[in-house]
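Below are the chains, spelled out letter by letter.
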Amino acid sequence: LMTELGQIFLEDYPVQMIELRKAIDCGDACQLERTAHSLKGALGTIAASNARTLAYELEIMGHTARLDKAAIILQQLTAELERLTVFFTDPSWVDRI
């Protein structure tokens with residue numbers, strides 16, 4: 001199950017990251033909130049707590065329409081997701097859980 005969830009995550013999150021970037025660039029707080037909420041759920045499913053926390057911060061920024069620091073949080077989230085990508089693309093990850 002975890003293998004499938006990891007694969008689904010790797011397929012889905014790049015699209016969500018593009019949507020987050022667009023929302024921030026356009027100042028679309030509603031889209032930021034919705035997309036961050038969706039990504040937060042996926043990250044919770046794979047127990048990626050650091051990345052989930054960052055997605056939650058973006059969700060709250062969208063909810064409150066305070067996007068002034070959203071680009072910084074998105075950059076931090078990108079770094080966390082790169083780490084997750086490395087983890088899930090290493091075939092030996094299953095042996096480490």
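Calculation notes
- Residues numbered from 1 in each chain as written.
- Predicted model: local features only at pLDDT ≥ 70, side-chain atom pairs only at ≥ 80, totals over all residues.
- Heavy atoms only, no water.
- Helix = DSSP H or I, 4+ residues; strand = E, 2+ residues; numbered from the N terminus.
- Rg over C-alpha atoms; globule rule 2.2 N^0.38 Å.
- Buried < 20%, exposed > 50% of the residue type's maximum accessible area, 1.4 Å probe, protein only.
- Contact = heavy atoms within 4.5 Å.
- Areas by Shrake-Rupley, 256 points an atom, 1.4 Å probe, with all protein chains shown as cover.
- Lys, Arg positive; Asp, Glu negative; His and termini not counted.
- Charge placed at Lys NZ, Arg CZ, Asp CG, Glu CD.
- Expected span 1.5 Å × (residues − 1).
- Arc of directions from axis to C-beta.
- pLDDT = per-residue confidence, 0-100.
- Salt bridge = Lys/Arg side-chain N within 4 Å of Asp/Glu carboxyl O.

Q: Help me out: how do you make sense of the overall build of the protein in this one?
A: Regarding its fold elements, the protein presents four helices and zero strands. Put simply, the protein runs from its N terminus to its C terminus through helices and strands in the order α-α-α-α. The C-alpha radius of gyration computed for the protein amounts to 13 Å, which stays within 12% of the reference 13 Å derived for 97 residues, consistent with globular compactness. In the protein, which comprises 97 residues, the proportion classed as buried is 36%. Contacts in the protein between residues at least 24 apart in sequence constitute 60% of all its contacts with a sequence separation of at least 6. Within the structure as shown, the protein displays about 5800 Å² of accessible surface, and the carbon and sulfur contribution to it stands at 56%. If you average the places of the 9 positive and of the 14 negative side-chain charges in the protein, the two averages end up 6 Å apart.

Q: What's the story with helix 4 (residues 70–89) in this structure? I'm lost.
A: Note: α-helices contain 3.6 residues per turn, so residues at a spacing of three or four share the same orientation. Here helix 4 contains 20 residues, and its C-alpha end-to-end distance of 28 Å stays within 8% of the 28 Å for a straight helix at 1.5 Å per residue. Buried within helix 4 are the following residues: A70, I73, L74, L77, E80, L81, L84 and F88. Burial along helix 4 is one-sided: seen end-on, the buried residues are contained in an arc of 125°. For helix 4, the exposed residues lying more than 90 degrees away from the buried face are Q75, R83, V86 and T89.

Q: When you look at the confidence of the model for the protein in this model, what are you seeing that I'm missing?
A: Caution applies to low-pLDDT regions: their predicted coordinates should not be interpreted in detail. Summing up the model confidence of the protein, the mean pLDDT is 92 and the portion of residues at 70 or higher is 96%. Confidence, expressed as mean pLDDT per element, reaches its minimum in the protein at helix 1 (residues 2–26) with 91 and its maximum at helix 3 (residues 49–64) with 97.

Q: Can you help me understand the side chain of T35 in this one?
A: Here T35 shows up in helix 2 (residues 29–45). A relative accessible area of 7% means that T35 is categorised as buried. Beyond its immediate stretch of four places on either side in the chain, T35 contacts Q16, E19 and L20.

Q: Help me understand the pattern of salt bridges in this model?
A: When charged atoms on two side chains of opposite charge get close, those side chains can pair. Tallied over the entire structure, the rule returns four salt bridges. Here R21 and D25 are joined by a salt bridge, their closest N and O atoms 3.2 Å apart. Of this pair, R21 and D25 are both found in helix 1, four residues apart, which corresponds to roughly one turn of the helix. The class of R21 is partly exposed, set by a relative accessible area of 34%. Ionic pairing is found between K40 and E59, a salt bridge with its closest N-O pair at 2.8 Å. Highlighted residues: K40 in helix 2 and E59 in helix 3, separated in sequence by 19 residues. The pair K40 / E59 is uniform in exposure class, with both members buried.

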